[in-house]
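Each chain, letter by letter, is given below.
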Amino acid sequence: MGGGQRQRISIARAMLKGAGVILLDEATAFLDPESERGVEEALADLRRHATVVTIAHRLGSVTDYDQIAYVNHGKIIDVGAHPELLKRCREYAELWSAYQQAQGWHLASNSDLKAATPRRQGGANANPVANSPRSHHLRRDTRGEVDTPTVTARVRGLSKLGTVKQWLSLLGAHRQDLWRRGIWWIMLDGVLGSAPLVIVLLALLEVLGTGVSADSWWRFGLPLLAIFAARWLVGVALSSTWWKSANAAIAALRRGVLTHLRRIPLGEYARLDVGRNATLVNSDLPLVDFTNLPAKVMQGVIQPLLAGAVLMILDWQLAFAALSGLPIFLLLLRLSDRAQRTVLGEVTRERSQATSDLLELVHGTAVLRANPDAPQVSRYHAAVERLRRASVAMAVRTSPLSSLASVALELGFGVLVLLVSVRTTNQTLSQDVAILLLVASLNLYRPYQELMDLSSYRHLQSHIVTRLAEIWDVDPMPDTPSGTAANAAVEMHDVGFSYEPDRPILVNVSFLAQPGEITALVGPSGAGKSTVTNLIARFWDVDSGSVTIGRCDVRELGQEELSDLVTTVYQDVYLFPSTVRENLSMGTDVDDARLEEALRAAQAWDFVDKLPDGLDSELTEGGLNLSGGQRQRLAIARALVKDAPILLLDEAVAAVDPQTEVRIQEALGNLVQERTVIVVAHRLNTVKQVDQIVVLDDHIVEAVGTHTELLASSPTYHRLWEANKATSR
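Counting restarts for each chain, with residues numbered from 1 along the sequence as it is written. This being a predicted model, a pLDDT of at least 70 is required before a residue's local features are given, and a value of 80 or more before pairs of side-chain atoms are given or counted; all residues contribute to the totals for chains, interfaces and linings. Think of the side-chain values as coming from all heavy atoms in the structure, minus any hydrogens and water.

Caption draft 1: Here's a closer look at the overall build of the protein chain. A helix here means a DSSP run of H or I that spans at least four residues, while a strand means a run of E at least two residues long, and both kinds are numbered starting from the N terminus. Helices and strands together make up the secondary structure of the protein chain, namely 27 helices and 14 strands. Should any heavy atoms of two residues lie within 4.5 Å, those residues are counted as being in contact. Here the analysis covers contacts within the protein chain between residues at least 6 apart in sequence; of these, 76% occur between residues at least 24 apart.

Caption draft 2: Up close: the nonpolar core. Residues Leu 584, Leu 599, Leu 634, Ile 693 and Tyr 717 are the most contacted members of the largest nonpolar core, which totals 44 residues. With seven residues, helix 24 (residues 628–642) is the single largest residue contributor to this core. Discounting chain neighbours no more than four positions away, the residues touching Leu 599 are Leu 584, Ala 604, Trp 605, Val 608, Leu 615, Leu 634 and Ala 637. Nonpolar cores were defined as sets of buried Ala, Val, Leu, Ile, Met, Phe, Trp, Tyr and Cys residues, with membership established by side-chain atoms within 4.5 Å. Only protein chains enter the accessibility calculation, which uses a 1.4 Å probe; a residue whose area is less than 20% of its type maximum is buried, one above 50% is exposed, and one in between is partly exposed. Val 234, Leu 238, Ala 246 and Val 288 belong to the second-largest nonpolar core, a separate cluster that totals 40 residues.

Caption draft 3: Region of interest: the sheet that holds strand 5 (residues 490–500). Strand pairing requires that DSSP identify at least two bridges connecting the strands. The four strands are arranged 6-5-8-9 in an open sheet whose pairing can be described as antiparallel. The strands lining the two open edges of the sheet, one partner per strand, are strand 6 (503–513) and strand 9 (552–553). Angles here are taken between N-to-C directions and fall from 0 to 180 degrees, while the axes themselves are lines fitted to C-alpha atoms, restricted in helices to the stretch in contact. Strand contacts of helix 19 (residues 529–536): strand 5, strand 6 and strand 8 (544–549), with the helix running at about 110 degrees to strand 5, the strand carrying the most contacts.

Caption draft 4: Up close: the packing of aromatic side chains. Pairing of aromatic side chains here covers Phe, Tyr and the six-membered ring of Trp, requires ring centres within 6.5 Å, and sorts the geometry by plane angle: under 30 degrees stacked, over 60 edge-to-face, intermediate tilted. Applying the stated criterion to the full structure yields six aromatic pairs. Seen from their ring centres, Tyr 499 and Trp 540 are 5.1 Å apart, and the 75 degrees between their planes marks the pair as edge-to-face. With Tyr 499 in strand 5 and Trp 540 in the loop between helix 19 and strand 8, the pair connects residues that are 41 residues apart, well separated along the chain. Judged by relative accessible area, which is 29%, Tyr 499 ranks as partly exposed.

Caption draft 5: Local environment of the sheet that holds strand 11 (residues 646–650). The sheet built from six strands is open, its strands ordered 10-11-12-7-13-14 with mixed pairing. Looking at strand neighbours, the two that pair on one side only are strand 10 (566–569) and strand 14 (700–705), the edges of this open sheet. Here the average twist between neighbouring strands, direction ignored, is 20 degrees. Where strand 7 (residues 518–522) meets strand 12 (residues 676–680), four bridges bridge the pair, whose relative direction is parallel. Among the inter-strand pairings, Ala 520 is bridged to a residue of strand 12, identified as Val 679.

Caption draft 6: Representation of helix 10 (residues 242–263) within the structure. Given a rise of 1.5 Å per residue, 22 residues ought to cover 32 Å, and the 31 Å separating the end C-alpha atoms of helix 10 matches this to within 8%. If you check which residues of helix 10 are buried, you get Trp 242, Ser 245, Ala 246, Ala 249, Ile 250, Ala 252, Leu 253, Gly 256, Val 257, Thr 259, His 260 and Leu 261. The span you would expect from a helix comes to 1.5 Å times its residue count less one.

Caption draft 7: Layout of the environment of Tyr 269. Mapped onto the elements, Tyr 269 comes out in helix 11 (residues 266–271). The exposure class assigned to Tyr 269 is partly exposed, which follows from its relative accessible area of 34%. Spatially, the C-alpha atom of Tyr 269 lies 9.1 Å from that of Val 474, the residues being 205 residues apart in sequence. Aside from chain neighbours lying at most four places away, what touches Tyr 269 is Leu 261, Ile 264 and Asn 277.

Caption draft 8: Highlighting the pattern of salt bridges. Here a salt bridge means any side-chain nitrogen of Lys or Arg lying within 4 Å of a carboxyl oxygen belonging to Asp or Glu. Scanning all chains against the criterion turns up 17 salt bridges. The shortest N-O distance in the salt bridge between Arg 388 and Glu 385 comes to 2.6 Å. Placement of both Arg 388 and Glu 385 in helix 17 (residues 375–425) is noted, with a separation of three residues, approximately one turn of the helix. Residues Arg 675 and Asp 643 are paired through a salt bridge, measuring 2.6 Å at the closest nitrogen-oxygen approach. Here Asp 643 lies in the loop between helix 24 and strand 11 and Arg 675 lies in the loop between helix 25 (658–671) and strand 12, a separation of 32 residues in the sequence.

Caption draft 9: Spotlight on the pairing of strand 6. By the bridge criterion, seven bridges tie strand 5 to strand 6 in an arrangement that is antiparallel. Note on strand 6: the bridge partner recorded for Glu 491 is Leu 512. Linking strand 5 back to strand 6 in an antiparallel pair, the connection comprises two residues, with Asp 502 at a positive phi of about 65 degrees.

Caption draft 10: Quick look at the packing of helix 9 (residues 216–240) against helix 10. Across the interface, helix 9 lies against helix 10 with an axial gap of 3 Å and an inter-helix angle of 30 degrees. Of the possible angle classes, the one that applies to helix 9 and helix 10 is roughly parallel. For the pair formed by helix 9 and helix 10, the contact residues are Gly 235, Ala 237, Leu 238, Ser 239 and Ser 240 on the first element and Trp 242, Trp 243 and Lys 244 on the second. Each residue belonging to the contact of helix 9 with helix 10 can be placed in one class, and the counts come to four nonpolar, three polar and one charged. Note on terminology: angles under 35 degrees are roughly parallel, angles over 145 are roughly antiparallel, angles of 65 to 115 are roughly perpendicular, and the others are oblique. The classification used treats Ala, Val, Leu, Ile, Met, Phe, Trp, Tyr, Cys and Pro as nonpolar, Asp, Glu, Lys and Arg as charged, and all other residues, Gly among them, as polar.

Caption draft 11: Summary view of unusual backbone geometry. Here the phi dihedral of Arg 538 falls at roughly 60 degrees; this positive angle occurs in a residue that is not glycine. The residue Arg 538 is located in the loop between helix 19 and strand 8 in this model. The exposure class of Arg 538 is buried, given its relative accessible area of 2%. The backbone of Asp 698 sits at a positive phi, close to 55 degrees, despite the residue not being glycine. Its place among the elements puts Asp 698 in the loop between strand 13 (692–697) and strand 14. Using a relative accessible area of 58% as the deciding quantity, one classes Asp 698 as exposed.

Caption draft 12: The arrangement of the side chain of Thr 519 in detail. Tracing the backbone shows Thr 519 in strand 7. If near-sequence neighbours (up to four positions away) are discounted, Thr 519 is found in contact with Phe 511, Leu 512, Ala 513, Val 677, Ile 678, Val 679, Gln 692 and Val 694.

Caption draft 13: Representation of a nonpolar patch on the surface. A contiguous nonpolar surface patch, about 600 Å² in accessible area, is contributed by Trp 217, Trp 218, Leu 222, Leu 225 and Phe 228. Within the element layout of this structure, Trp 217 appears in helix 9. Judged by its relative accessible area of 60%, Trp 217 is exposed. Patch definition: residues above 30% relative accessible area lacking any salt bridge, with like charges linked at up to 9 Å and the nonpolar side chains Val, Leu, Ile, Met, Phe, Trp and Tyr linked at up to 5 Å. Using a 1.4 Å probe, accessible areas were evaluated by the Shrake-Rupley method; residue-level cover was limited to the displayed protein chains.

Caption draft 14: Seen up close, the confidence of the model for the protein chain. Confidence scores labelled pLDDT are given residue by residue by the predictor and lie between 0 and 100. Residues of the protein chain with pLDDT of at least 70 account for 80%, and the chain-wide mean is 77. Taken together, the stretch residues 109–126 has pLDDT below 50 and engages in 37 contacts with residues farther than four places along the chain or on a different chain. Taken as a whole, residues 133–146 scores under 50 in pLDDT and shows 24 contacts with residues more than four places along the chain or in a different chain.

Caption draft 15: Just the packing of helix 22 (residues 592–601) against helix 24, in detail. Between helix 22 and helix 24, whose axes approach to 8 Å, the crossing angle comes to 130 degrees. Considering the angle they form, helix 22 stands oblique to helix 24. Here helix 22 runs over helix 24; the crossing is right-handed. Residue-level inspection shows Arg 594, Leu 595, Ala 598, Leu 599 and Ala 601 of helix 22 in contact with helix 24, the latter providing Leu 634, Ala 637, Leu 640 and Val 641. By residue class, the composition of the contact of helix 22 with helix 24 is eight nonpolar, no polar and one charged. Throughout, a crossing is termed right-handed when the near helix is turned clockwise from the far one, and left-handed when it is turned anticlockwise from it by less than a right angle.

Here's what the structure looks like:
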């Protein structure tokens, strides 16, 4: 849905609740003029039956309210009707003056742009990427000064591979480390782990044969000490080689998932469950065992073979007796395997669902606190309860079978003890051989016990792979650069696009936005204005037609070149939980002087300079430790630092106070110079004097022209303009 559509649903929800007190926080900020007029009429009727408290930045929408409270720095400065406050409250009068100034604002016209100082040398038709300061930073960063982190390559159809091939695929490029270094240390560790058995057997042979001599301690003790020392050294070698590579493989796997998520269309990303993705990357992928699994498998192979060989040499009949419980063990292991496959999948699904419900609960906390009886409130508790029941069921269904399997395996040892006792009593088996058989058999069973752990891990890996395949099997948008933009002109030619089948958003949309000009996109909420900007930035690919920049299809531009060409300032600003500097530079090498220049141009240097650590001050997630206007100005500064030749503005001043809006207007005035500017606008007075206006309605371009031309030729634009005049009091 469009921002205006979501806003109207939120307002309808508040009205349906029928509460006696209604709190509105800029409820009409993202509505088109027509919708805003209708909502204001509904709110006026609502005010007659309920207590309405409105947070308003657009002062014209509250001039007829019974009373207005002017708040500054957490204090109520004055309370009164609009005319009263204008007379006695200087701060309110200044705010009203700023509001009127903002209402009269418009983006610079083409003539203003031509008179402005050129943004970069070469003019609008010069190579737009070559002259971008950001591109110079990017090229400097790719000279190899910083090692590029390893990223595990996507494997399509991963869930259809066998367990071993899946594991090797997840290992990615670090497979070479396994074959070149890791496997030899792992094999040596397995051999050394079994070597004490040989020493012990030899010592027992001497004890039971000729007896202990004076030099026995060093003939057997020193080799044991040497083996233990060698295992310690091998462990150090493993930790510094293979274990290091194993941890790097987990990091590369995580980066591989996140890299692929950045390359798939946003429409596909929206269909993926956020909770499942978060659980996969943060919790599941670290469970892929690259560290201990190879050693467990190696020991599970070497020790039984060695112990079995010793038993066969001593007495082959008793060796088979020792293995008599193995068939029953394997049968029970298979049954446990099947039960675990079912319940582990259920536990994994319930864990992901609980994570998704928790994220929904956190994101919608404000709404849910106002609607405590909403079903979403209890959904998370129900999900946690289902997860608890699934976890208990897994333990109940698998533990008895696992215990029986262990008992069955030990039955072989019981049979061996019985037969050894009988044959020793009958004097058909010497006591020396009997003791050797019993000692050797102890090393026969322990590795088989680990088979149950390996079976559990196999199912865990299978479920992780299934969820990973849901992401990796989504085809990324093609990125095979085969062209270069000649200039910064943007053209949409017969574009068709839909988010879902049989629900078109754009149909045969065509228009041309020239360098050095401003093109405005207007229309009712849900007409597809933001979709147009998303297609230009190639967050999605068109279903039909083409989007070109400088006569080159955006699908033929490389992602890096397209990123250098386009920058966007959204109505919903997101700042990362890092420093101001990192939020502005976004990974490029930008000096402090340039950052300060951008911040001053964005009218943001005053508050950044006052932060405790200036540019190095830490921001919280989303930048919530800043006000909305401050976040918006930082977003504009970020766009100025990037200095891309194509600027997309999506309602950049929709919900800020008038004084901040005036400052943002000044910042945008600096930003639009010498660029191809495409602006999404609901407040038509802000785009009245732009070079051209594209009117979108009912999935199509109804008309293209100037303000004066459209008033005569476009019924939709004329209707929106009349509504705009009514709401711009």
